[in-house]
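Spelled out, the chains give:
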Amino acid sequence: MIGALLTLPGASYLAALDRLAKLDYAPAVTVVIVLCFNVVMLALLEVPIIAFTVAPERTPQAISRLQAWGGAHGRRYAIRGFAAVGCALVIKGVIGLIA
């Protein structure tokens, strides 16, 4: 039930579909892009379901290891990721000022 509620289309999904429609790709390309977009968007729901289906006895231990790794290293990678996004935004702003 919760998974169904989480997969309801939100504003960002509808905005992405609107932008995709404006690109005017061929129908087959549009279908592939929408499918790929949904796979990425739903990965947090799909990966655990697939993992529990394929290896139900190993999945809880793998999740525990991933949580432990995230607790130990998550802050470092989050800082690096946000710094990269910040640098990209500063560069975009500087280019906007020059152009």
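In this text, all values refer to a predicted model and were calculated from it rather than measured experimentally.

## Describing the overall build of the chain
Consideration 1: Within the chain one finds 5 helices and 0 strands.
Consideration 2: In the chain, the succession of helices and strands from N to C terminus is α-α-α-α-α.
Consideration 3: Taking 2.2 N^0.38 as the reference for a compact globule, 99 residues should give roughly 13 Å; the C-alpha atoms of the chain span a radius of gyration of 19 Å, well beyond that estimate.
Consideration 4: With respect to the principal axes defined by its C-alpha atoms, the chain has extents near 55 × 40 × 20 Å.
Consideration 5: Sorting the 99 residues of the chain into buried and exposed places 6% on the buried side.
Consideration 6: For the chain, the exposed surface amounts to about 8,300 Å²; the carbon and sulfur share of it is 74%.
Consideration 7: Separation between the mean location of the 8 positive side-chain charges and that of the 4 negative ones in the chain comes to 18 Å.

## Regarding the packing of aromatic side chains
Consideration 1: Taken as a whole, this structure holds 2 aromatic pairs when the rule is applied.
Consideration 2: Seen from the ring of tyrosine 77, arginine 80 lies directly overhead, with NZ or CZ sitting 5.4 Å from the centre.

Calculation notes
- Residues numbered from 1 in each chain as written.
- Predicted model: local features only at pLDDT ≥ 70, side-chain atom pairs only at ≥ 80, totals over all residues.
- Heavy atoms only, no water.
- Helix = DSSP H or I, 4+ residues; strand = E, 2+ residues; numbered from the N terminus.
- Rg over C-alpha atoms; globule rule 2.2 N^0.38 Å.
- Buried < 20%, exposed > 50% of the residue type's maximum accessible area, 1.4 Å probe, protein only.
- Areas by Shrake-Rupley, 256 points an atom, 1.4 Å probe, with all protein chains shown as cover.
- Lys, Arg positive; Asp, Glu negative; His and termini not counted.
- Charge placed at Lys NZ, Arg CZ, Asp CG, Glu CD.
- Phe/Tyr/Trp six-rings, centres within 6.5 Å; stacked < 30°, edge-to-face > 60°.
- Lys NZ or Arg CZ within 6 Å of the ring centre and 35° of its normal.

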